[in-house]
Amino acid sequence: MGNFDMLSEKDKMKYEIAEELGLLEKVKELGWKSLTAKENGKIGGIMTARNKKKINKQKN
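One structure accompanies this document, and this report is about it. (Residues numbered from 1 in each chain as written. Predicted model: local features only at pLDDT ≥ 70, side-chain atom pairs only at ≥ 80, totals over all residues. Heavy atoms only, no water.)

Quick notes on the packing of aromatic side chains
We apply this condition: For Phe, Tyr and Trp, rings pair up if their centres lie within 6.5 Å, where Trp contributes its six-membered ring, and each pair is then called stacked (planes under 30 degrees apart), edge-to-face (over 60) or tilted (otherwise). Think of it this way: any DSSP run of H or I at least four residues long counts as a helix, any run of E at least two long counts as a strand, and we number them from the N terminus. Working definition: with a 1.4 Å probe on protein chains only, accessible area under 20% of the residue-type maximum means buried, over 50% means exposed, and in between means partly exposed. For a Lys NZ or an Arg CZ to count as sitting over a ring, it must be within 6 Å of the ring centre and within 35 degrees of the ring normal.
What the rule picks out here adds up to one aromatic pair. Aromatic side chains tyrosine 15 and tryptophan 32 sit 5.1 Å apart centroid to centroid with 70° between the ring planes, which places their arrangement in the edge-to-face category. In this pair, tyrosine 15 sits in helix 1 (residues 9-20) while tryptophan 32 sits in the loop between helix 2 (24-30) and helix 3 (37-59), placing the two residues 17 residues apart along the sequence. Exposure remark for tyrosine 15: the relative accessible area of 14% places this residue in the buried category. On the accessibility criterion, tryptophan 32 (22% relative accessible area) is partly exposed. Lysine 14 extends its terminal NZ or CZ atom over the ring of tryptophan 32, reaching a point 4.6 Å from the ring centre.

Encoded structure:
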């Protein structure tokens, strides 16, 4: 995975979510392209929800 500290916040979140979903080993071994559309969609949906939540917190 390389140096986690050098990743953007968006990429860090992507790795964290992949880990939460049990997909991190697959990504490490085979790369992001190995994920199915469903798996990628799940990660993207969670990222979107977290970003919306973060934005709403900042507004309040």
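Alright, that's what it looks like, and here's the rest.
Here's the deal with the packing of helix 1 against helix 3
Using the following cut-off: With axes taken as lines fitted to C-alpha atoms, and helix axes fitted only over the stretch in contact, angles between N-to-C directions fall between 0 and 180 degrees. Every angle not falling under 35 degrees, over 145, or within 65 to 115 is termed oblique; those three ranges are roughly parallel, roughly antiparallel and roughly perpendicular. Handedness of each helix crossing follows the sense of rotation of the near helix against the far helix: counterclockwise by less than a right angle gives left-handed, clockwise gives right-handed. A contact between two residues is defined here by any heavy atoms of the two lying within 4.5 Å. Asp, Glu, Lys and Arg are counted as charged, while Ala, Val, Leu, Ile, Met, Phe, Trp, Tyr, Cys and Pro are counted as nonpolar; the rest, among them Gly, fall into the polar class.
Look at helix 1 against helix 3: their axes get within 10 Å of each other, and the N-to-C directions meet at 120°. One finds that helix 1 runs oblique with respect to helix 3. When the axes of helix 1 and helix 3 are compared, the crossing they make is right-handed. Residues Lys10, Met13, Lys14, Ile17, Ala18 and Glu20 of helix 1 form the contact with helix 3, whose own contacting residues are Ile43, Ile46, Met47, Arg50 and Asn51. Residue composition of the contact of helix 1 with helix 3, by class: six nonpolar, one polar and four charged.

Thoughts on helix 1
Quick note on the threshold: One less than the number of residues in a helix, times 1.5 Å, gives the span that helix is expected to have.
Relative to the 16 Å expected for twelve residues at 1.5 Å per residue, helix 1 spans 16 Å between its end C-alpha atoms, a close match to the ideal helical length. Among the residues of helix 1, those classed as buried are Lys12, Met13, Tyr15, Ile17 and Ala18. In the core, the buried residues of helix 1 are packed alongside helix 2 and helix 3. Just past helix 1, the residue glycine 22 takes up positive phi, approximately 75°.

Details of the environment of isoleucine 55
Here isoleucine 55 lies in helix 3. Residue classification places isoleucine 55 among the partly exposed positions, given a relative accessible area of 44%. With 18 residues separating them along the chain, isoleucine 55 and alanine 37 place their C-alpha atoms 27 Å apart.

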